[in-house]
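# Inside the fold
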Amino acid sequence: MNETLSINLKDVKQDLLLGIIECNKRGLVQSAKWLSELNHGLSDVSLKHTGKSFENLHSGIASEEYDDYVLAKSYFDVREYDRSAYFTRNCSSTVPRFLHMYATYMSKEKKRLDNMSDNSIVNSNSHVKDFSELLATLRADHGQKKLDGYCLWLYGVILKKLDLNQMAVQIFVDAINAEPTMWGSWLELAPLVTDKNMLQNLKLPNHWMKQIFIGYTYIELFLNDEGIKIFEHLQTTGFGKCIFIPTQLAIAFSNKRDVDKSIEIFRHLHEVDPYRLDNLDSYSNLLFVKDMKTEMAHLAHKAVDINKYSPETCCVVGNYYSIRADHHKAVVYFQRALKLNPRYLSAWTLMGHEFMEMKNTNAAIQSYRQAVEVNRRDFRAWYGLGQAYEILKMPFYSLHYYKAAQQLRPYDSRMLVALGETYEKLDKSDNALKCYQKAYNVGDIEGVALYNLARLYEKRDEIEKAIPALLRFCSDEKAVADKSSLCHAYMTLGNFYEKNDQFDKASHFAYKCLEHEETKREAEALLKTIANKRSQKAAATLAASAKEPSSSTGKENTTDMDLEEVEMDESNVGRMVDMVMAQDDMLVENDEPEFQLEQAVDDISSLSIIMEHGSEENE
């Protein structure tokens with residue numbers, strides 16, 4: 001699947017020119033547009049016109065049907081689909097026959113969308129009834145093997161609309177093998193590919209379009225590194241000026257959270273093609289993430305100047321109002337986008353986010369559900385549903401939706417942390433621990449996985465397991481956004497080390513807590529406890545050292561040298577204890593607390609070794 005096919009750019013150019021002609025003849029304007037953009041990117045490739053492209057202008061149209069076809073095509077171009085279908089009803093040659101069926105399909109689809117009184121309904125049960133006659137015709141022709149690649153594409157589109165996805169996959173594969181340059185077939189197939197293994201098992205032709213499809217599908221599956229590798233290779237083989245290739249790279253880098261690089265690519269694309277609206281909503285989302293309000297304002301004004309009534313423009317303007325916290329206006333513009341295109345995924349998802357900001361949980365759930373209907377691979381919609389049901393205190397529902405989001409983004413720590421928190425609410429702490437651990441291992445984006453892991457160990461009274469996690473969590477305190485969790489971590493560590501008589505470490509974390517108002521009093525109490533314990537320990541040491549010389553005088557084997565080694569008067573011990581205590585005071589003042597802490601530990605260790613040695617000699 002990852003083999004690199006050798007690409008002859010002259011053959012590619014020839015295929016593109018033929019594909020553009022065939023798509024235009026059939027009214028497949030989106031595929032013709034995509035092929036034309038790819039062809040323009042290969043403008044440096046010279047091609048001797050053999051006349052083959054121009055011969056195809058009239059191929060597939062019977063001479064006696066040509067007048068009907070030309071009239072029907074003109075009606076189709078101005079969206080009078082019923083008239084177009086009527087004048088080609090008796091045609092039998094391939095192009096007019098396809099135009100008749102495609103015009104019929106477009107007529108049914110347009111009427112269905114026009115009659116939608118509520119734009120919150122994407123799918124309706126009328127699909128089967130609407131397309132039953134057309135579906136029966138296509139099925140009969142398919143059984144007699146009368147369908148070409150373009151008719152197979154239309155058959156697959158209808159099957160997909162009826163949720164007959166398994167059958168649709170096979171039909172799209174057949175369409176691609178019959179007509180590899182029909183981009184619409186590749187595009188419809190991509191969302192139906194569920195994983196990498198399925199992609200590898202598809203029986204696709206060894207055509208140059210296959211590499212573009214594989215790279216595109218990898219990014220759809222969030223296998224971004226594989227997709228980037230393919231598109232970067234295509235850039236080096238001559239497709240560098242084709243605008244589709246860098247667009248996919250920008251989306252892949254965005255998925256990888258490399259926002260700066262993605263914005264850089266989109267800026268370049270905007271300079272190359274300043275009136276392009278495709279994927280402008282993705283660019284707007286990235287500017288939103290970086291909180292670039294000025295750039296968003298310029299982008300919104302530019303989009304309105306280009307086409308005020310396009311779904312992309314409405315989404316960009318909606319994002320602009322969202323960053324200004326004007327959520328009501330943002331919703332209005334997302335709704336406008338959906339009136340223009342009810343299957344516009346970004347608008348559904350973004351509108352769900354706005355309803356969440358407005359605390360309208362039920363409306364948010366409705367929006368996210370429709371986003372899932374449009375594209376079941378939209379992890380943001382699944383994650384949004386999980387958050388919405390979490391607010392409604394319905395953790396079992398949240399768990400279902402968070403699982404779906406995590407399956408789509410298995411290496412996204414946000415999904416894993418959300419899953420862990422939901423498992424914790426359901427008292428499934430073992431599962432929650434696994435989620436937090438994995439979230440940390442894959443790269444904790446929000447920096448909360450370790451804290452949640454430690455907190456759950458505390459809850460389970462497994463404080464020894466919590467300590468390593470807390471130490472790692474506190475190791476980079478500048479990266480921790482939530483200071484209250486940092487304070488809790490410091491106090492937990494301080495209390496743990498105090499109970500284990502590790503006074504230097506306990507003092508270190510207690511002094512850290514003095515810097516925060518919420519833990520200041522608790523830290524002061526802890527430092528007093530540490531000071532009391534230290535004084536008690538010092539007194540015990542003094543008492544022990546005072547008894548040792550008198551008890552040793554009665555032993556005949558004790559030499560004068562032994563007595564000299566053991567003998568330490570009260571003032572010497574006092575000075576040593578004062579020095580150790582002074583080290584703790586320096587922890588706050590000194591810029592290198594770790595060095596001072598080690599020095600204090602060494603001093604205490606030296607004192608204990610001297611005392612132990614004296615005790616051994618005494619015995």
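What you are looking at is a predicted structure, and each value in this text was computed from that prediction instead of being measured. (Residues numbered from 1 in each chain as written. Predicted model: local features only at pLDDT ≥ 70, side-chain atom pairs only at ≥ 80, totals over all residues. Heavy atoms only, no water.)

## A look at the overall build of the protein
Counting its regular elements, the protein contains 33 helices and zero strands. Taken across its 619 residues, the protein has 49% of its residues classed as buried. If you take every contact in the protein between residues at least 6 apart in sequence, the share linking residues at least 24 apart comes to 58%. Of the accessible surface of the protein, which amounts to about 31800 Å², a share of 50% is contributed by carbon and sulfur atoms. (Helix = DSSP H or I, 4+ residues; strand = E, 2+ residues; numbered from the N terminus. Buried < 20%, exposed > 50% of the residue type's maximum accessible area, 1.4 Å probe, protein only. Contact = heavy atoms within 4.5 Å. Areas by Shrake-Rupley, 256 points an atom, 1.4 Å probe, with all protein chains shown as cover.)

## Re helix α9 (residues 165–178)
Three or four residues apart is the spacing at which side chains of an α-helix point the same way, because the helix has 3.6 residues per turn. The end-to-end C-alpha distance of α9, which contains 14 residues, comes to 20 Å, matching closely the 20 Å that a straight helix rising 1.5 Å per residue would cover. All of the buried residues in α9 are Ala168, Val169, Ile171, Phe172, Val173, Ala175 and Ile176. (Expected span 1.5 Å × (residues − 1).)

## With respect to the pattern of salt bridges
Overall, the coordinates contain 27 salt bridges when judged by the stated rule. In this structure, the salt-bridge partner of Asp77 is Lys73, at a minimum N-O distance of 2.9 Å. On the criterion of helical spacing, the pair formed by Asp77 and Lys73 is a turn pair, its members being four residues apart in helix α4 (residues 66–77). Under the relative-accessibility criterion, Lys73 is labelled buried at 14%. Through salt bridges with shared partners, one network takes in Glu22, Lys25, Arg26 and Asp148. (Salt bridge = Lys/Arg side-chain N within 4 Å of Asp/Glu carboxyl O.)

## Some points on the packing of aromatic side chains
Using the criterion set out here, one finds 31 aromatic pairs in the structure. Here the aromatic rings of Phe98 and Trp153 are separated by 6.4 Å at their centres, their planes lie at 45°, and the arrangement is tilted. Pair noted here: Phe98 is in helix α6 (residues 94–114) and Trp153 is in helix α8 (residues 149–161), with a separation of 55 residues, a long-range link. With a centroid separation of 5.1 Å and an interplanar angle of 50°, the aromatic rings of Trp186 and Phe213 are classed as tilted. (Phe/Tyr/Trp six-rings, centres within 6.5 Å; stacked < 30°, edge-to-face > 60°.)

## Section: helix α27 (residues 463–474)
With twelve residues, α27 ought to run about 16 Å at 1.5 Å a step, and its terminal C-alpha atoms sit 16 Å apart, in line with that. On the buried face of α27, the contacting elements are α26 (449–459) and α28 (483–499).

## Describing the confidence of the model for the protein
On average, residues of the protein score 83 in pLDDT, and 84% of them reach the 70 mark or higher. Under a pLDDT of 50 for its full length, residues 551–619 has, in the predicted model, 57 contacts with residues more than four places off or in other chains. (pLDDT = per-residue confidence, 0-100.)

## Quick look at the environment of Arg369
Position of Arg369 relative to the elements: it lies in helix α21 (residues 361–374). Here Arg369 falls in the partly exposed class, since its relative accessible area comes to 32%. Residues Arg369 and Ala381 lie twelve residues apart in sequence; the distance between their C-alpha atoms is 7.3 Å. In contact with Arg369, not counting residues within four places along its chain, are Leu385, Tyr389 and Tyr401. Only 3.1 Å separates the side chain of Arg369 from the side chain of Tyr401, close enough to count as a polar contact. (Polar contact = N/O pair within 3.5 Å; in protein donor to acceptor, adjacent residues only side chain to side chain.)

## Observations concerning empty space enclosed by the protein
Applying the stated criterion to the full structure yields four cavities of 30 Å³ or more. In this model, the largest cavity occupies a volume close to 80 Å³. For the largest cavity, the full set of lining residues is Phe266, Leu269, His270, Asp273, Arg276, Asp278, Asn279, Leu280 and Tyr283. When residues of the lining of the largest cavity are traced back to their parent elements, those giving at least two are α15 (259–272) and α16 (280–289). (1 Å grid on protein atoms, 1.4 Å probe; cavity = no way out; pocket = protein on both sides within 12 Å on 5 of 7 lines; lining within 4 Å. Points joined across faces, edges and corners; volume = space filled by probe spheres on them.)

## Comments concerning the side chain of Ser262
Considering the arrangement of structural elements, one finds Ser262 in helix α15. Contact partners of Ser262, with chain neighbours within four places excluded, come to Ala250, Phe253, Ser254 and Leu286.

## Considering the environment of Ala178
Within the secondary structure, Ala178 is located in helix α9. Residue classification places Ala178 among the partly exposed positions, given a relative accessible area of 42%.

## Focus: the nonpolar core
General note: in soluble globular proteins, nonpolar side chains tend to be found buried as a group. If you look at the biggest cluster of nonpolar residues, it comprises 177 residues, and the most contacted ones within it are Leu189, Phe213 and Phe239. At nine residues, the largest contribution of residues to this core is made by α8. Contacts of Leu189, omitting those with residues within four sequence positions, involve Val169, Phe172, Val173, Ile176, Leu202, Leu204 and Phe213. (Core = buried A, V, L, I, M, F, W, Y, C linked by side-chain atoms within 4.5 Å.)

## Comments concerning the packing of α26 against α27
As a packed pair, α26 and α27 sit with axes 8 Å apart at the nearest point and diverge in direction by 160°. One way to sum up the angle between α26 and α27 is to call them roughly antiparallel. As α26 runs across α27, the sense of the crossing is left-handed. Judged by residue contacts, Leu450, Tyr451, Leu453, Ala454, Tyr457 and Glu458 of α26 engage Ile463, Lys465, Ala466, Ala469, Leu470, Arg472 and Phe473 from α27. Looking at the contact of α26 with α27 residue by residue, the class counts come to ten nonpolar, no polar and three charged. (Axes fitted to C-alpha atoms, helices over the stretch in contact; angles between N-to-C directions. Parallel < 35°, antiparallel > 145°, perpendicular 65-115°, else oblique. Left-handed = near helix turned anticlockwise from the far one by under 90°. Nonpolar A, V, L, I, M, F, W, Y, C, P; charged D, E, K, R; others polar.)

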